[in-house]
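Summary of the model geometry
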Amino acid sequence: MVRLSLSMLILLLSGLNFAQDSTFRLESEVIDAGDRVELGGDWWFEFGQHLTPSELMDQIQDQNLELVPTPSSWHNFIKPDRANPSLDGIATYATRITFDRKPSKPISLLVPYITDGYRIMWMPYNQPEKAMFLGQSGDWETGKNTAREDMLYAIPAEKDGILITYVAKTRSFQGGILEPFTIQDSHVALNLKGINDFARALMMGAILIMSIHYFVQYFHWRNNLSLLLLSLICFVMLIRSMGVSGNTDLLLSYLTPDHFTVRLRAEYLTIVIGPTAFLHFFHSLIRGLFPKRFLQGVWTLTLILAITTLIIPFNVMTKNLLVYQIHMLTVSFIALFSLFWPAWKGKPFARLLLVGTAILALGVLNDVYASISVSYHIYLIEFFVFFFLIFQAQVVGIKLNETVSLSARLKSEKQKLEHKHDKALLDSQLDHLTGLYNRKAFEELFNLTWQHSLISQESLSIILIDLDHFKDINDVHGHLIGDEVLIYIASLLRSQNLRKGDFISRYGGEEFVLILPDTRLEDAYNIAEKLRIAIAHAPAYEDNLINLRITTSIGVFATIPKEENYKSALGKADEALYKAKNNGRNCVVSLVD
């Protein structure tokens, strides 16, 4: 790949070289040994036209061509003017290649990165009539279609010749030959290119499988948002990797001639969405890492930037690359540095996340540098992402195991309590009058449910029910009828077709509580309202002399647990119940965290 020697850096800094020779003298023995030879140095250059082989030969012999350091952008030695500030246009590059003897093996030219389109020709020295076409990529006349990277072209086995490269640029930031051409034994070059393509394809295939795997897992564990976010991260990185490797252009070229525009917009979207997905992913694993409003603000900014990327003119988008890079680096560094304190405090997952993110940060910095560098264009993000995902797979696996373990424990505890229910009077955890869980059993089950919601970060709802003026029933009709009313209310609550994870307890004298895991406030409120109506519209007790109806005041509270202790949540539900009583009773009042 690209390695800049000290001499190349000096060439880039020195600008134009006014020597009149551009010759690479190669040893056939080096090529036959399979070594790669870089054609980095001074090349003949003409901006503004594609010289024919005859014109080029005349210019070389007349010493009318400038020598420019190659690889480099022509922005380094051509001053832009007001009419053409981006230096769009065409140019001719050429260099002479001589061998000490005629190569005995087929040789190939590796063309890594030229913007935007190019055509390559070979001309035996001083024989323009024998010039031959080697290959081309993109639109070499206008630059409207962009060339693919890392292309191989066979070179004739001749001892002396001139390599001609016609270039056209209208879209990219920098124009010209941006990475050095290399010459190598064809067999070795093909093998190395095959190995490189295979490694990248393997990485991209692994990332695609991970994305699908986590997406499918999310549908089994919908309360685990980290799975969905990790699937999104994998998909974003896949799009990025396909763009860097040239596979996106290859696929899109069958669908649209403007594949470069589509591909680059997709890559800009990955710059926008990727860091925010990482930020939210960390938050989903480490409780309370960021305030909720902060996350909402970041996602809002991200969506605005993403929509803008899709609708603004292409040239406006590309000229504002710095805006995208600032967004990416800012969100990425916030995500990275937010892990230091939790890691220092020893919070679960924080250290693994920090190590994985540090690895990924190196890949991000490498790609940012590659995108703005004139001569360095090695994109390695897919390899860094692969190693990052190895760490995150461990983190998500641990979290899933904890969730599954806690779910199994909760199920086991509930089964134990249900077994005790069969022994009603022998078990102190059942209310002897109503058959519901008593206060002790409620605290045990609610603690387990709370811990489960704390890990899974799912919404938990509490419905607190109080019978209005129940003391008057006892005073007027006696405690026996009061007990019958309580039994009736308990049976009515049990008949509500609650889910397997929901449970009901007698909370106090005339108070009952329903715990509804994985339930939003709106759903809990609707359940509470149905209960209120059902209780108010049917007699709670009736005989030949009495037709007794009763109403209820109900408080509803929903929260996503953020702390170990659940007492404050019960306090909020009690506060909602208190407001319902103050509102005239026979109503439902809800509060949300």
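Residues numbered from 1 in each chain as written. Predicted model: local features only at pLDDT ≥ 70, side-chain atom pairs only at ≥ 80, totals over all residues. Heavy atoms only, no water.

Topic: the packing of helix α7 (residues 259–285) against helix α10 (residues 321–337)
Geometry of a packed helix pair, given as the angle between the helix axes and the separation of the axes. To keep it simple, the criterion reads: Here an axis means a line fitted to C-alpha atoms, over the contact stretch when the element is a helix, while the angle between two N-to-C directions is reported on a 0 to 180 degree scale. Helical segments are the DSSP runs of H or I of at least four residues, strand segments are the runs of E of at least two, and each set is numbered from the N terminus. Here is the rule for angles: anything less than 35 degrees is roughly parallel, anything more than 145 is roughly antiparallel, 65 through 115 is roughly perpendicular, and the remaining ranges are oblique. Left-handed describes a crossing in which the near helix is turned anticlockwise from the far one by less than a right angle; the clockwise case is right-handed. We call two residues contacting when some pair of their heavy atoms lies within 4.5 Å.
Orientation of α7 relative to α10, taken along the N-to-C sense of each, is 15°, at an axis distance of 9 Å. One finds that α7 runs roughly parallel with respect to α10. The two elements α7 and α10 cross, and the hand of that crossing is left-handed. Residues Y268, I271, V272, P275, T276, L279 and F282 of α7 lie in contact with α10, whose contacting residues are L321, Y324, H327, M328, V331, S332, I334 and A335.

Quick notes on α7
As a reminder of what qualifies: Expected helix span is taken as 1.5 Å per residue step, with the number of steps being one fewer than the number of residues. Throughout, bend refers to the angle between the axes fitted to the seven residues that end at a position and the seven residues that start at it. With a 1.4 Å probe rolled over the protein chains alone, any residue whose accessible area is under 20% of its type maximum counts as buried; one over 50% counts as exposed, and the rest are partly exposed.
Between the first and last C-alpha of α7 there are 38 Å, a value that for 27 residues agrees with the 39 Å anticipated at 1.5 Å per step. Its maximal kink placed at I273, α7 deviates by approximately 25°, while the proline P275 follows within four residues. The element α7 is extensively covered by neighbouring structure, given that 24 of its 27 residues are classed as buried.

Things to note about a nonpolar patch on the surface
To keep things clear, this is the line we draw: Surface patches are defined over residues having more than 30% relative accessible area and no salt bridge, joining like charges when they lie within 9 Å and nonpolar side chains (Val, Leu, Ile, Met, Phe, Trp, Tyr) when within 5 Å. Only the protein chains shown count as covering a residue, and every accessible area follows the Shrake-Rupley method with a 1.4 Å probe. For salt bridges, the criterion is a side-chain nitrogen of Lys or Arg within 4 Å of an Asp or Glu carboxyl oxygen.
A cluster of nonpolar side chains, namely L303, I307, L310 and I311, defines an oily patch on the protein surface of about 430 Å² accessible area. On the basis of relative accessible area, L310 is assigned to the exposed category, the value being 52%.

Section: helix α16 (residues 479–494)
The end-to-end C-alpha distance of α16 is 23 Å, a good match for the 22 Å that 16 residues give at a rise of 1.5 Å each. Along α16, the residues that are buried comprise I481, G482, V485, L486, Y488, I489, A490, L492 and L493.

Structural notes on the pattern of salt bridges
Tallied over the entire structure, the rule returns 14 salt bridges. Among the salt bridges present, the one from K193 reaches D197, with a minimum N-O distance of 3.1 Å. Taken together, the residues span about one helical turn, with K193 and D197 both in helix α4 (residues 186–220) at a distance of four residues. The exposure class of K193 is partly exposed, given its relative accessible area of 26%. Given the relative accessible area of 37%, D197 is considered partly exposed. Of the charged contacts, one joins R263 and E267 as a salt bridge, the two residues approaching to 3.0 Å between their closest N and O atoms. In this pair, R263 and E267 are both assigned in helix α7, four residues apart and thus about one turn of the helix distant.

Focus on the environment of M210
With respect to the helices, strands and loops of the structure, M210 is situated in helix α4. The class of M210 is buried, set by a relative accessible area of 19%. Taking C-alpha positions, M210 is 9.9 Å from I233, a pair spaced 23 residues apart along the chain. Setting aside residues up to four positions removed in sequence, M210 forms contacts with C234, F386 and L389.

A look at the sheet that holds strand β15 (residues 503–506)
Whether parallel or antiparallel, the strands of a sheet pair through hydrogen bonds between backbone atoms. As a reminder, the rule being used: At least two DSSP bridges between two strands are required for those strands to pair.
In spatial order, the strands read β15-β16-β14-β19-β20; together these five strands make up an open sheet with mixed pairing. Looking along the sheet, the strands with just one partner apiece sit at the ends: β15 and β20 (588–592). Adjacent strand axes in the sheet meet at a mean angle of 15°, parallel and antiparallel pairs treated alike. As defined by bridge partners, strand β19 (residues 552–559) adjoins β20 across five bridges and the pair is classed as parallel. From the neighbouring strand, A558 faces β20, where its bridge partner is V592. With respect to the sheet, helix α14 (residues 439–456) is in contact with β14 (460–467), β15, β16 (511–517) and β19, its orientation differing from that of β15 by roughly 145°.

Regarding the confidence of the model for the chain
Worth spelling out the cut-off: What pLDDT reports is the predictor's confidence in each residue, on a scale of 0 through 100.
In this model, the chain carries a mean pLDDT of 83, and residues with pLDDT of at least 70 account for 90%. Per-residue pLDDT stays below 50 along residues 1–19; that stretch engages in 30 contacts with residues further than four places along the chain or on separate chains.

Looking at the packing of helix α15 (residues 470–477) against α16
Orientation of α15 relative to α16, taken along the N-to-C sense of each, is 140°, at an axis distance of 7 Å. As far as their axial angle goes, α16 and α15 are oblique. Along its contact with α15, which presents F470, I473, N474 and H477, the element α16 presents H479, I481, G482, V485 and L486.

Quick look at the nonpolar core
Let me state the cut-off plainly: We define a nonpolar core as any set of buried Ala, Val, Leu, Ile, Met, Phe, Trp, Tyr and Cys residues linked to one another through side-chain atoms lying within 4.5 Å.
Within the largest apolar cluster, 55 residues are counted, with the highest numbers of intra-cluster contacts made by F281, F282, Y324, L353 and L389. Counting only elements with at least two residues in this core, the list comes to α4, α5 (225–245), α7, α8 (292–311), α9 (314–319), α10, α12 (350–372) and α13 (381–422). Ranked by the residues each element gives to this core, the list is headed by α7, at 12 residues. Discounting residues that sit within four places of it in the chain, F282 has contacts with L289, A335, L339, L353 and T357.

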